[in-house]
Structures are given as C-alpha cells and as structure tokens.
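# Commentary on secondary and tertiary structure
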Amino acid sequence: MKAKSLDIQKITGNNIDTTSLDFAISEYLISEKLDGIRAYWNGNELITRSGNKIHAPDWFTAHFPTTSLDGELWIERGKFQLLTQIVMDKTPDEDAWLSVKYMVFDLPLSPLPFEQRYQDLQQLISAISTQNDYLFAIEQKSVDDLTILTQWLDIVVNNHGEGLMLQHRGNQYVAGRTNQLLKLKQHQDAEAIVIGYEEGNGKYQGQMGAVWVKTASNETFKIGSGFTDQQRKSPPAIGTTIQYRFNGYTERGIPRFARFNRVRLSPDS
C-alpha cells in the first residue's frame, strides 16, 4: 500500500511541510473543499469566474437575494463530470438541475472580516431558506488541534471528497489569491509505465506535452503536468516506470489531477 501524505498548499501555490506548521489553527474557519464549479451571483444572474453566464433555470435562482454571493454549484462528492454536463449546457435541462445546489462561502461586497461575513451569510440564507431549496451556506467549523484536523481530512478524502479549506477569521474578501486562505488535501502516489507521447502546444511546440501511461491494472491515461522544461525536451523513455501524484479518481476510475513526480530508477527509489 502506498503511503499517503498531507499536502498543505497556500492558494499562491507554495507547498508547506506539515511538520513546520507554525500558525494557530484556531485562527481559521474550516470547510470542506467541494468538487464543484465556481459561480458568482451578481444579484441578477449566475456567472462563471471568467464572467460567462451560467444558464440556470429561472426557478433555480428565483428567490436568490439581490446581494452578491460567491460559491460553487455542486451535486455531491464524485459527481463533478455530471455537474459539468448540466451547468455548461446553454439550454438548461430542468430535471437535471433539480439535483444541483449553490453552496455559498462568501459575500464579495462586504468589507467585514471573514468571520463576520460568514455570520451575515448564515443569517441571509436562513432568512430565505423557506423560499429556496437550492441555496446553502457552506458549513464552517473551528478546530484547534492538528490531529483532529487531519482526522477530518481523512474522513472527507475516504468518502471521495477533495480536501479542506482554511480561511483566516480576519481575512478580507479578495477576488484573487491570498495568503490567508489555505488548501489542505491528501495526495496519493502511484506508478505507471510510459507507453507513448503527445506533442505539446504553444511554448512546448515540438516537445513532449504529455506522456501516455499504463497502470498495473491496465488503465491508460495521460500525464501532462509536473515536468521540467528539460524533461519535456528529453522525456522519460517508453517502457520507463514513473511515479505520479494524484487526488482521488474520476467516475471512470482514472486518477484525477495526475502529475509527474519522478522516474523510478530502482524498486525503492
């Protein structure tokens, strides 16, 4: 059995070793990281992060507040692919939308610190809860012990969840990335044999863009991230065993977010 390790990432992308955690966990409010589609409610319609309209049925948003909201459209753990099919359809399938929820985690226009914004968000959604079955505030919890935090993470991941989000109680709302918002997840390691290549695009034109690999269970898929520029110029040879990292599986049983880690030079490398 491959060992699992904790991978805490700042939203800026920096990795932090859990053995060097030097912040007070109690200063953060913690929620599950949902595998949904980010959506903004501007008081009139739902839009994607890039500003494109999401074509939800009128009844889905009929009783949403005029206040701007930030959250994720979500069905349940492990249903991201189904959700994508539903949400990206310009002609909404109204029966399919019945399974979708809008899970809200912030009030973008509020100048208050996060803890107070969350309290206001709870009150806002509670006040209209009898009118709408599709709008929810993502639950935020307080934890003051790393052991409890990692146990919670284990439970989420073992039940096909993505991980946890830690937001500092005093954090101001920022549309982009912030050092006071942490992502806590588990990554899994596995090995596969390189069986082919896919040419890159753009800056990687004429170089390796991705490798096709086969696992011990004969699953084949491609890995396109984690490589250095030098490795793209001289990729692992066909037949080479590589180690990759990933975060759970898709509904088809394919590793999600697979990225190259290293070439396995020996059985214990």
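Please read these numbers as outputs of a predicted model, since none were measured by experiment. Throughout this description, residue numbers start from 1 for each chain and increase along the sequence as written. At least 70 in pLDDT is required for a residue's local features to be given in this predicted model, at least 80 for side-chain atom pairs to be given and counted, and no such filter applies to totals for whole chains, interfaces and linings, which use all residues. Side-chain metrics rest on all non-hydrogen atoms present in the structure, leaving aside hydrogens and water.

## Some words on the pattern of salt bridges
Two side chains carrying opposite charge are able to pair once their charged atoms lie near each other. Applied cut-off: We count a salt bridge whenever a side-chain nitrogen from Lys or Arg sits within 4 Å of a carboxyl oxygen from Asp or Glu. To qualify as a helix, a DSSP run of H or I must reach at least 4 residues; to qualify as a strand, a run of E must reach at least 2; elements of each kind are numbered from the N terminus. Only protein chains enter the accessibility calculation, which uses a 1.4 Å probe; a residue whose area is less than 20% of its type maximum is buried, one above 50% is exposed, and one in between is partly exposed.
Within the structure shown, the criterion is met by seven salt bridges. With a shortest N-O distance of 2.8 Å, Asp70 and Arg38 are connected by a salt bridge. In this pair, Asp70 is assigned in strand E6 (residues 69-74) and Arg38 in strand E4 (residues 37-41), connecting sequence segments 32 residues apart. With respect to class, Asp70 is no different from Arg38; both count as buried. Between Asp106 and Arg117 there is a salt bridge; the shortest N-O distance is 2.6 Å. Residue Asp106 is located in strand E7 (residues 101-106), and its partner Arg117 is located in helix H4 (residues 114-127); the two are separated by eleven residues in the primary sequence.

## Observations concerning helix H5 (residues 146-158)
For the record, the criterion: Helix span is expected to be 1.5 Å times the residue number reduced by one.
Counted at 1.5 Å a residue, the expected span for H5 with its 13 residues is 18 Å, and the 18 Å between its end C-alpha atoms agrees. His160 lies just past H5 and shows a positive phi near 70°.

## Observations regarding the environment of Gly78
Summarising the element assignment, Gly78 is placed in the loop between E6 and helix H2 (80-87). Through-space distance from the C-alpha of Gly78 to that of Gly248 is 9.3 Å; in sequence the pair is 170 residues apart.

## A short note on a negative patch on the surface
Test applied: To count toward a patch, a residue needs a relative accessible area over 30% and no salt bridge; like charges are then connected within 9 Å, while nonpolar side chains (Val, Leu, Ile, Met, Phe, Trp, Tyr) are connected within 5 Å. All accessibility values rest on the Shrake-Rupley procedure with a 1.4 Å probe; residue burial counts only the protein chains present in the view. Two residue types count as positive, namely Lys and Arg, and two as negative, namely Asp and Glu; His and chain ends fall outside the count. Charge positions come from single atoms, namely NZ of Lys, CZ of Arg, CG of Asp or CD of Glu.
Together, Asp58, Asp89, Asp93, Glu94 and Asp95 give the surface a local cluster of negative charge. Checked against the element boundaries, Glu94 lands in helix H3 (residues 94-97).

## Digging into the sheet that holds E7
What counts is decided by this rule: When DSSP finds two or more bridges between two strands, those strands count as paired. Residue contacts follow a heavy-atom distance rule, with two residues in contact if any of their heavy atoms lie within 4.5 Å. Only the stretch in contact is used when fitting a helix axis, every axis being a line fitted to C-alpha atoms; angles between N-to-C directions are given from 0 to 180 degrees.
Within the open sheet, the five strands sit side by side as E5-E4-E6-E7-E8. Their pairing is mixed. With one partner strand each, in any of the chains shown, strand E5 (46-47) and strand E8 (135-137) form the two edges of the open sheet. Note: E4 against E5, two bridges, orientation antiparallel. Across the sheet, residue Trp41 finds its bridge partner in E5, namely Leu46. This element, H2, spans E4 and E6 of the sheet and lies at about 40° to E4.

## Thoughts on the nonpolar core
Formally: Nine residue types can take part in a nonpolar core, namely buried Ala, Val, Leu, Ile, Met, Phe, Trp, Tyr and Cys, and a core is a set of them joined through side-chain atoms within 4.5 Å.
Residues Leu46, Phe60, Leu73, Trp97 and Tyr102 are the most contacted members of the largest nonpolar core, which totals 25 residues. Listed by contribution, the elements that provide at least two residues to this core are E4, E6, H2, H3, E7 and H4. Counting 15 residues, the second-largest nonpolar core is a separate cluster that includes Met208, Val211, Phe227 and Ala258.

## Here's the deal with the pairing of E6
Side-chain positions along a regular strand alternate between the two faces of the sheet. Counting buried residues in E6 gives six out of six residues, a clear majority hidden from the surface. Pairing geometry for E4 and E6, over five bridges, is antiparallel. In the sheet register, Ala39 faces E6, and the bridge partner there is Gly71. In the sheet, E6 pairs with E7 via five bridges, with the strands oriented antiparallel. Across the sheet, the residue bridging to Asp70 is Asp106, located in E7.

## Brief notes about the packing of aromatic side chains
Condition: Put simply, two rings from Phe, Tyr or Trp (the six-membered ring, in Trp's case) pair if the centres are within 6.5 Å, and we call them stacked under 30 degrees between planes, edge-to-face over 60, tilted for the rest.
Counted under the stated rule, the structure contains twelve aromatic pairs. Residues Trp59 and Phe60 carry aromatic rings whose centres are separated by 6.3 Å and whose planes lie at 65° to one another, so their mutual orientation is edge-to-face. We classify Trp59 as partly exposed; its relative accessible area is 28%. Overall, the relative accessible area of 0% leaves Phe60 in the buried class.

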